[in-house]
Amino acid sequence: MMLHIPNVLSREQVTAMRAAIDAADWVDGRATVGSQGAQVKRNRQLPEDSSIALQQGRIIEQALAANGLYFSAALPARTMPPLFNRYSDSETYGLHVDGAARRVAGATMGGPQWLRTDLSCTLFLCDPEDYEGGELVVVDTYGTHEVKLPAGDLILYPSSSLHRVEAVTRGERVCSFFWAQSLVRDDSRRALLFEMDQAITRLRAQLGETPETVSLTGNYHNLLRMWAET
Ligand SMILES: O=C(O)CCC(=O)C(=O)O
Ligand SMILES: [Fe+2]
């Protein structure tokens, strides 16, 4: 399931975030990618351990923690610290799949901690008018989807899908991106739970709490209990 989540950050938050990250030191984006991705990746990123990236990433994490639509769709168990990328001057990221597992920083004595990438997210920190090209193109069993969103909006898509970023031929595309491991690893189960949760919420808004909404809420949680891995 792909989902557009609007207004994750306000205009003011985007402006402040851009001021902070634009002034930081950017490096070659190939630093965080495996060998297949490195062949097709041409962009710049903030280093994973950059204090500005970590500080600004926490603002995104706080915004996501307060976003009911994101929670309902992602059912996040754990999230990688958000990273930041930028593309200009025909930079691009060719067709690739995100690595299935990522090492979480701060490994313990028991060895590294791993996060399974179930969901990939791009949070736009620039507006569509700011640049030409730069569409995020996601290929799944339903076809090819092109995404270019207003600043502050987020797209969530299954990490299992092949995707690419078209060359940016004018201006600059600046985004944050990150991965989440979901309580429910299977995309179709997660999509079913999301649709059910949204429908129950709408029913409750229309009718108030009724014996039926209580029963459906029970069904939702019992399905989640059946499928959740913690
Ligand atoms: O910039 C984007 O929207 C996606 C970046 C991406 O696919 C990646 O870093 O793996
Ligand atoms: Fe990717």
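What counts, and at which threshold
- Residues numbered from 1 in each chain as written.
- Chains lettered and ligands numbered in written order.
- Predicted model: local features only at pLDDT ≥ 70, side-chain atom pairs only at ≥ 80, totals over all residues.
- Heavy atoms only, no water.
- Donors = N, O, S within 2.8 Å, 3.2 Å for Na, K, Ca; no water.
- Helix = DSSP H or I, 4+ residues; strand = E, 2+ residues; numbered from the N terminus.
- Buried < 20%, exposed > 50% of the residue type's maximum accessible area, 1.4 Å probe, protein only.
- Axes fitted to C-alpha atoms, helices over the stretch in contact; angles between N-to-C directions.
- Parallel < 35°, antiparallel > 145°, perpendicular 65-115°, else oblique.
- Left-handed = near helix turned anticlockwise from the far one by under 90°.
- Contact = heavy atoms within 4.5 Å.
- Nonpolar A, V, L, I, M, F, W, Y, C, P; charged D, E, K, R; others polar.
- Pairing = 2+ DSSP bridges.
- Near = heavy atom within 4 Å.
- Polar contact = N/O pair within 3.5 Å; in protein donor to acceptor, adjacent residues only side chain to side chain.
- Areas by Shrake-Rupley, 256 points an atom, 1.4 Å probe, with all protein chains shown as cover.

J.: Break down the coordination of the iron ion (ligand 2) for me, with residues and values.
T.: Of the protein atoms, only H96 (NE2), D98 (OD) and H163 (NE2) coordinate the iron ion (ligand 2), at distances of 2.1 to 2.2 Å. We note that the donor set of the iron ion (ligand 2) lies within a single chain, spaced as H-x1-D-x64-H. One end of the pair, H96, is in strand 7 (residues 92-96); the other, H163, is in strand 15 (residues 162-165), with 67 residues separating them in the sequence. An identical accessibility class is assigned to H96 and H163; each is buried.

J.: Could you give an account of the packing of helix 5 (residues 187-207) against helix 6 (residues 211-227), naming the residues involved and the relevant values?
T.: Axis separation between helix 5 and helix 6 bottoms out at 10 Å; the angle between their running directions is 160°. Taken as axis vectors, helix 5 and helix 6 run roughly antiparallel relative to one another. The element helix 5 and its partner helix 6 pack so that their crossing is left-handed. Here R189, L192, L193, M196, D197, I200, L203 and R204 of helix 5 come into contact with helix 6, specifically with T213, L216, T217, N219, Y220, L223, L224 and W227. Tallied by class, the residues present in the contact of helix 5 with helix 6 amount to 10 nonpolar, 3 polar and 3 charged.

J.: So what about the sheet that holds strand 12 (residues 136-140)? Which residues, and what values?
T.: Reading across from one edge, 3-7-15-12-13 is the order of the 5 strands in this open sheet, with antiparallel pairing throughout. Looking along the sheet, the strands with just one partner apiece sit at the ends: strand 3 (41-42) and strand 13 (143-147). Where strand 3 lies against strand 7, 2 bridges are found, and the strand directions are antiparallel. The residue of strand 7 that forms the bridge with R42 is T92.

J.: Break down the site of ligand 1 for me, citing the residues and quoting the values.
T.: Surveying the vicinity of ligand 1 reveals the residues N85, Y87, Y93, H96, D98, T122, L136, H163, V165, R173 and F177. Between an oxygen atom of ligand 1 and a side-chain N or O atom of N85, the distance comes to 2.9 Å. When ligand 1 sits alone it has 290 Å² of accessible area, and the protein chains cover 97% of it. Elements supplying a minimum of two residues to the shell around ligand 1: strand 6 (83-87), strand 7, strand 15 and strand 17 (173-182). Taken together, the residues that form the shell around ligand 1 break down as 5 nonpolar, 4 polar and 2 charged.

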